[in-house]
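Structural overview
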Number of protein chains: 2
Amino acid sequence: MPRPDRSEERRAELLPVVAEAFAELGYRRASTAELADRCGVRVNILYRLWPDKQAMFIAAIRHVFDRSLETWEALLADGGDAGAPELLRYEAKHLGEHGFYRILFAGLGETDDPEIKAALAETYADFLAFIRTQVAAHRGAPPRGGGAAVDLAVWAILGLGTIANVGRELGLLPPRLRERLLPEMGDLLLDG
Amino acid sequence: MPRPDRSEERRAELLPVVAEAFAELGYRRASTAELADRCGVRVNILYRLWPDKQAMFIAAIRHVFDRSLETWEALLADGGDAGAPELLRYEAKHLGEHGFYRILFAGLGETDDPEIKAALAETYADFLAFIRTQVAAHRGAPPRGGGAAVDLAVWAILGLGTIANVGRELGLLPPRLRERLLPEMGDLLLDG
DNA sequence: ACGTTATGTAAGCATAGACTTACACCATGG
DNA sequence: CCATGGTGTAAGTCTATGCTTACATAACGT
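Residues numbered from 1 in each chain as written. Chains lettered and ligands numbered in written order. Predicted model: local features only at pLDDT ≥ 70, side-chain atom pairs only at ≥ 80, totals over all residues. Heavy atoms only, no water.

**Regarding the overall build of chain A**
Along chain A, the regular secondary structure elements total nine helices and zero strands. Shown N-terminal to C-terminal, the secondary structure of chain A runs as helices and strands in the order α-α-α-α-α-α-α-α-α. Seen through its C-alpha atoms, chain A measures out along the principal axes to roughly 60 × 40 × 30 Å. Counting all 192 residues of chain A, 54% fall into the buried class. When contacts within chain A are restricted to residue pairs at least 6 apart in sequence, long-range pairs at least 24 apart make up 62% of them. Of the accessible surface of chain A, which amounts to about 8900 Å², a share of 52% is contributed by carbon and sulfur atoms. The centroid of the 23 positive side-chain charges in chain A is displaced by 4 Å from the centroid of its 29 negative side-chain charges. (Helix = DSSP H or I, 4+ residues; strand = E, 2+ residues; numbered from the N terminus. Buried < 20%, exposed > 50% of the residue type's maximum accessible area, 1.4 Å probe, protein only. Contact = heavy atoms within 4.5 Å. Areas by Shrake-Rupley, 256 points an atom, 1.4 Å probe, with all protein chains shown as cover. Lys, Arg positive; Asp, Glu negative; His and termini not counted. Charge placed at Lys NZ, Arg CZ, Asp CG, Glu CD.)

In structure tokens:
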């Protein structure tokens, strides 16, 4: 028998690097050569681990989302039962540290690629569902309860996180203000 | 004397087409050949009107913003004095029809280009100032008054418009809900 | 020890895309 | 009517980039 297949481990090692490159550069500018450089390997290594660049990007989307979700779930598990407000305050400080929004923006520029769009939509739907659970719980409703009012609040809260990133990216939203945006406007939206 | 220079008029004719292409395709995928095709000319014509592709994009940013602002100002001038709430209701129906958000997302993917970033930030700052005036007026404050509370509300409202576009783009925000998002959550934020 | 097969290196290919050049044409003002 | 210079067409250059191939090397199980 030959050497065992370590592709899975290799993917797990390189994916964070790949994801960060995509988040930082966007889809087009993250060339395969650049990805390989950052991983400290040659391009064909990447092509042995994923069939094409599109697959690398889709894997990166999933990865970034999974990491973010892990963090939030750990936070909720640790910190007693503050729930949604605690998440808001955490995000105000650690805004987009996993590159969630940058990957989202990068992906939104590729929505004519049906597979990328589908992966993005699916991942974001999971994200949405997670937040929805928190908002519903905050309002004393069952996980899927609370009706359209909860949905509206969820979207509005996601809007806060999104615009906070845009504002920071453009250097238009001063840090002092940014730190207040999610907690203060978030609480307002949470309580309706 | 030879023929008079019609460059200015030509730019004005082609810019809407160029802007739409950038909004639809993003910066990278809107190739100069594609831009020229849509304009019904050859590439070098574009290069006679703008020094390079970057300049075309920056012109497109300004154009899209100017068109949007014109529309909103006309709306406010016409429709009595409903002000901010009327804008929210208008945008709920005509969401992003000038490609404002798509250009923004496209530009956010190019923020390592300092000139593009600067143009984007400057344009968005104007947008921000316009909305701020409306929100301040709604709260009975002078144009620049109202303090940080107004700033927070402004950012949160911009978040609504932004996330409404993201949700639509990904097919995750049903039209029925989307039409309620800006008016209902917007009013909540407007009134604090 | 040995054959099998993953892993790594290096070079190459084909295409696309930003930008240029050469040139024909024609509207304009004197 | 004619010279000037703006307008349009066609082709070309050069680089970047997605992806492949050929080959050397180094484990692993028997």
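**Considerations on the interface of chain B and chain A**
With 41 residues of chain B in contact, the opposing surface of chain A contributes 41 residues. Buried area between chain B and chain A, summed over both chains or domains, comes out near 3700 Å², and the portion from carbon and sulfur atoms is 78%. Between R29 of chain B and E110 of chain A there is a salt bridge, with the nearest N and O atoms lying 3.3 Å from each other. Taken together, the connections running from chain B to chain A amount to eight residue pairs in polar contact (both at pLDDT 80 or more). Counting residues per element, the ones that place at least two in the side of chain B that touches chain A are α1 (7-29), α6 (100-108), α7 (114-138), α8 (147-169) and α9 (175-191) of chain B. The leading source of residues in the side of chain B that touches chain A is α8 of chain B, at 14 residues. (Buried area = accessible area lost by both parts, 1.4 Å probe. Salt bridge = Lys/Arg side-chain N within 4 Å of Asp/Glu carboxyl O. Polar contact = N/O pair within 3.5 Å; in protein donor to acceptor, adjacent residues only side chain to side chain.)

**Concerning the nonpolar core**
One recurring pattern in soluble globular proteins: nonpolar side chains tend to sit buried together. By size, the foremost hydrophobic cluster in this structure holds 149 residues, and its most contacted members are F22, Y124 and L181 of chain A together with F22, Y124 and L181 of chain B. The residues contacting L181 of chain B, other than those within four sequence positions of it, are L152, W155 and A156 of chain A together with L160, I163, A164, L173 and G186 of chain B. (Core = buried A, V, L, I, M, F, W, Y, C linked by side-chain atoms within 4.5 Å.)

**Things to note about the packing of aromatic side chains**
All names here are of chain A. Per the counting criterion, the structure on display carries 25 aromatic pairs over all chains. One aromatic cluster is present, formed by F65, W72, F100, Y101, Y124, F127, F130 and W155 through successive ring pairs. Over the ring of Y27 we find K53, and its NZ or CZ is 4.6 Å from the ring centre. (Phe/Tyr/Trp six-rings, centres within 6.5 Å; stacked < 30°, edge-to-face > 60°. Lys NZ or Arg CZ within 6 Å of the ring centre and 35° of its normal.)

**Thoughts on the side chain of Q54 of chain A**
All names here are of chain A. Looking at where Q54 falls in the secondary structure, it is placed in helix α4 (residues 53-78). By relative accessible area, Q54 is classed as buried at 16%. Look past the residues within four positions of Q54 in its chain and what remains in contact with it is Y27, D113, E115 and I116.

**Some points on the pattern of salt bridges**
Residues and elements named next belong to chain B. Inspection of the entire model under this criterion finds 30 salt bridges over all chains. For D187, the salt bridge is made with R89, and the minimal N-O distance between the two is 2.5 Å. Placement of the pair is D187 in helix α9 and R89 in helix α5 (residues 84-93), with a sequence separation of 98 residues. Given a relative accessible area of 22%, D187 falls into the partly exposed group.

**Structural notes on the side chain of N165 of chain B**
All names here are of chain B. Within the element layout of this structure, N165 appears in helix α8. For N165, a relative accessible area of 3% gives the class buried. A distance of 2.9 Å separates the side chain of N165 from the side chain of R168, its partner in a polar contact.

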